[in-house]
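The primary structure of each chain is shown beneath.
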Amino acid sequence: MNIAAPDRYAVIGYPIQHSWSPFIHGMFAQQTGQNLTYTRLEVPTEKFPAEIARFFDEGGRGLNITVPHKQAAYLFARHRTRRAKIASAINTIAAQADGLLGDNTDGAGLMTDLTTNLGLALENTRVLLLGAGGAARGVLGPLLEASPEYVEIANRDGNRALDLAEEFSRRGNIRGCGFDQITATHNFDLVLNATSASLQNIVPPVPAAVIGPTTLCYDMAYGVGDTAFTRWANEAGAGRAETGWGMLVEQAAEAFLLWRGVKPDTKPVLQAVKSMSAPDTEVPKVR
Ligand code: ATR
């Protein structure tokens with residue numbers, strides 16, 4: 001009997017040992033009957049170009065790219081999807097006959113979670129986006145394409161927010177400012193935390209007046225239970241506060257679709273990751 005070797009995939013980042021991606025893609029593979037392996041590669045910045053080249057030279061089929069390599073990977077890919085070009089960052093690479101294709105599935109993952117899973121209609125909404133780093137950049141394009149009334153970007157370093165707003169200004173109604181200049185005269189419909197402050201257990205200094213009883217507060221970070229941001233949002237009376245599990249699973253499903261041509265069912269995977277306290281180090285067995 002001729003049993004084909006599984007196709008190889010991995011997530012590359014630094015640090016990487018806590019990544020849930022092997023677990024998520026393992027569940028996707030099991031569910032869709034795809035023959036693949038998915039591992040973690042811990043690679044520091046200075047070794048990134050050599051390691052990524054080696055992975056594909058040795059026959060690897062695809063990579064997910066995470067912090068801090070998303071912008072470096074953008075320069076590495078030979079071809080880029082439209083959404084990757086808009087973000088100037090990539091989180092997914094697929095090996096193709098004519099070279100490496102770079103994609104960015106973060107924004108699509110967030111949008112699917114907000115609209116399909118959480119039922120938010122973004123058209124004509126007022127959005128406050130906290131943070132102006134790679135995570136914010138990755139989601140701005142799809143966010144603006146959903147036609148919100150406007151997006152206000154607020155960042156600790158206000159100049160970074162101004163620059164990012166300027167870069168995306170032709171894609172929609174957008175302004176940038178420091179945390180102390182946030183429009184606090186009304187509630188926003190959506191307050192999106194794209195800072196890495198939750199990882200330090202810190203809440204960005206945002207006036208509670210931006211939150212009202214119908215506001216959805218969404219932290220792109222995730223962990224067991226609440227993050228500092230979702231805790232703060234609930235205390236401030238937000239209509240709803242969500243952590244970023246859904247975005248994590250949905251961006252993975254988009255990457256899986258690019259690689260394998262089949263879209264997995266995210267519901268059971270989302271349920272599984274939310275109910276666990278740490279990713280299984282063992283990837284579920286694939287066929
Ligand atoms: P990422 O790829 O996760 O976005 P990044 O590009 O380093 O990483 O950006 C981190 C973001 O979190 C930035 O917006 C950063 O604010 P500055 O641009 O002012 O540095 C924000 N951030 C990090 N720690 C923060 C904290 N303690 N309070 C508020 N914002 C913070």
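Criteria and thresholds
Residues numbered from 1 in each chain as written. Predicted model: local features only at pLDDT ≥ 70, side-chain atom pairs only at ≥ 80, totals over all residues. Heavy atoms only, no water. Salt bridge = Lys/Arg side-chain N within 4 Å of Asp/Glu carboxyl O. Buried < 20%, exposed > 50% of the residue type's maximum accessible area, 1.4 Å probe, protein only. Near = heavy atom within 4 Å. Polar contact = N/O pair within 3.5 Å; in protein donor to acceptor, adjacent residues only side chain to side chain. Areas by Shrake-Rupley, 256 points an atom, 1.4 Å probe, with all protein chains shown as cover. Nonpolar A, V, L, I, M, F, W, Y, C, P; charged D, E, K, R; others polar. Axes fitted to C-alpha atoms, helices over the stretch in contact; angles between N-to-C directions. Helix = DSSP H or I, 4+ residues; strand = E, 2+ residues; numbered from the N terminus. Left-handed = near helix turned anticlockwise from the far one by under 90°. Contact = heavy atoms within 4.5 Å. Expected span 1.5 Å × (residues − 1). Pairing = 2+ DSSP bridges. Domains from an automatic or database assignment. Buried area = accessible area lost by both parts, 1.4 Å probe. Phe/Tyr/Trp six-rings, centres within 6.5 Å; stacked < 30°, edge-to-face > 60°. Lys NZ or Arg CZ within 6 Å of the ring centre and 35° of its normal.

Visitor: Looking at this model, I keep getting lost on the pattern of salt bridges. Mind explaining?
Guide: Oppositely charged side chains can form a pair if their charged atoms are brought close together. Under the criterion given, the structure shown has eleven salt bridges. For Arg 54, the salt bridge identified is with Glu 58, shortest N-O distance 3.9 Å. Judged by its relative accessible area of 43%, Arg 54 is partly exposed. What makes Glu 58 exposed here is its relative accessible area of 52%. Members of the salt-bridge network, linked through shared partners, are Arg 83, Asp 103, Glu 254 and Lys 263.

Visitor: I keep staring at the site of the ligand and nothing clicks. Help me out?
Guide: Close contacts around the ligand come from 15 residues, with Ala 135, Asn 155, Arg 156, Asp 157 and Arg 160 the closest. The contact in question runs from an oxygen atom of the ligand to an N or O atom on the backbone of Gly 134, over 3.0 Å. Burial of the ligand by the protein chains amounts to 77% of its free accessible area of 650 Å². Per-class residue counts for the shell around the ligand are five nonpolar, seven polar and three charged.

Visitor: Would you mind going over the packing of helix H1 (residues 21-32) against helix H10 (residues 267-275) with me for this structure?
Guide: Relative orientation and spacing of two packed helices are given, respectively, by the angle between their axes and the distance between those axes. At a closest axis distance of 10 Å, the pairing of H1 and H10 adopts a crossing angle of 145 degrees. The handedness of the crossing between H1 and H10 comes out as right-handed. Residue-level inspection shows Phe 23, Ile 24, Met 27, Phe 28 and Gln 31 of H1 in contact with H10, the latter providing Pro 268, Val 269, Ala 272 and Val 273. Per-class residue counts for the contact of H1 with H10 are eight nonpolar, one polar and no charged.

Visitor: Could you clarify how one ought to interpret H1 in this entry?
Guide: Within an α-helix, residues lying three or four positions from one another point in the same direction, as the helix has 3.6 residues per turn. The terminal C-alpha atoms of H1, which comprises twelve residues, lie 16 Å apart, in line with the 16 Å expected from a rise of 1.5 Å per residue. With respect to burial, H1 is a largely interior element, nine of its twelve residues being buried. When H1 is considered as a whole, its buried residues turn out to be Ser 21, Pro 22, Phe 23, Ile 24, His 25, Gly 26, Met 27, Phe 28 and Ala 29. Buried residues along H1 sit in contact with strand S1 (7-13), strand S2 (36-42), strand S3 (62-65), helix H9 (245-260) and H10. Remark: Gly 33 follows H1 within two positions and exhibits a positive phi of approximately 70 degrees.

Visitor: Explain the sheet that holds strand S12 (residues 240-242) to me, please; I cannot follow it from the model alone.
Guide: Within a beta sheet, neighbouring strands are joined by backbone hydrogen bonds and run either parallel or antiparallel to one another. Pairing is parallel across the open sheet formed by six strands, whose spatial order is S9-S8-S7-S10-S11-S12. Here the strands that pair on one side only, and so sit at the sheet edges, are strand S9 (174-178) and S12. The sheet shows a mean angle of 15 degrees between the axes of neighbouring strands, direction not considered. When strand S7 (residues 126-130) meets strand S8 (residues 150-155), the two strands line up parallel, connected through five bridges. Counterpart to Leu 129 in the pairing with S8 is Ile 153.

Visitor: What is the right way to look at the domain arrangement of the chain in this model?
Guide: It is common to report an interface's size as the accessible area lost on association of the parts. In terms of domains, the chain is made up of domain 1 (7-104 + 252-266) and domain 2 (107-245). Put simply, the middle of domain 1 and the middle of domain 2, counted by C-alpha atoms, are 26 Å apart. Taken together, the contact pairs nine residues of domain 1 with eleven residues of domain 2. Between domain 1 and domain 2 lies a buried interface of about 810 Å² when both sides are counted; carbon and sulfur atoms form 53% of it.

Visitor: It is not clear to me how the packing of aromatic side chains should be interpreted in this structure. Could you clarify?
Guide: Each aromatic ring pair is specified by the distance between its two centres and by the angle formed by the two planes. In the structure shown here, the tally under the stated rule is nine aromatic pairs. Centroid distance Trp 20 to Trp 245: 5.0 Å. Interplanar angle 85 degrees. Geometry classified as edge-to-face. Of the two residues, Trp 20 is situated in the loop between S1 and H1 and Trp 245 in helix H9; the sequence distance between them amounts to 225 residues. The pair Trp 20 / Trp 245 is uniform in exposure class, with both members buried. Three or more aromatic residues joined by ring pairs make a cluster, and in this case those are Trp 20, Phe 23, Tyr 222 and Trp 245. Against the face of Tyr 74 rests Arg 80, its NZ or CZ located 4.2 Å from the ring centre.

Visitor: So what exactly am I meant to see when it comes to the pairing of strand S6 (residues 99-103) here?
Guide: Successive side chains on a regular strand alternate, one facing one side of the sheet and the next facing the other. In terms of residue burial, S6 counts as a mostly covered element, since five of its five residues are buried. The sheet contact formed by strand S4 (residues 79-80) and S6 spans two bridges and is parallel. Across the sheet, the residue bridging to Arg 80 is Gly 102, located in S6. For strand S5 (residues 92-96) and S6, the ladder comprises five bridges, and the chain directions are antiparallel. Paired with Ile 93 across the strands is Gly 102, a residue of S6.

Visitor: Can you walk me through the sheet that holds S6 in this structure?
Guide: Strand order in the open sheet formed by six strands is S2-S1-S3-S5-S6-S4, and the pairing between neighbours is mixed. The sheet is open, and its two borders are formed by S2 and S4, each paired with just one other strand. The sheet contacts of H1 involve S1, S2 and S3, and relative to S2 the element is tilted by about 175 degrees. Sitting on the sheet, helix H2 (residues 48-57) is in contact with S1, S2, S3, S5 and S6, with an inclination near 150 degrees to S3.

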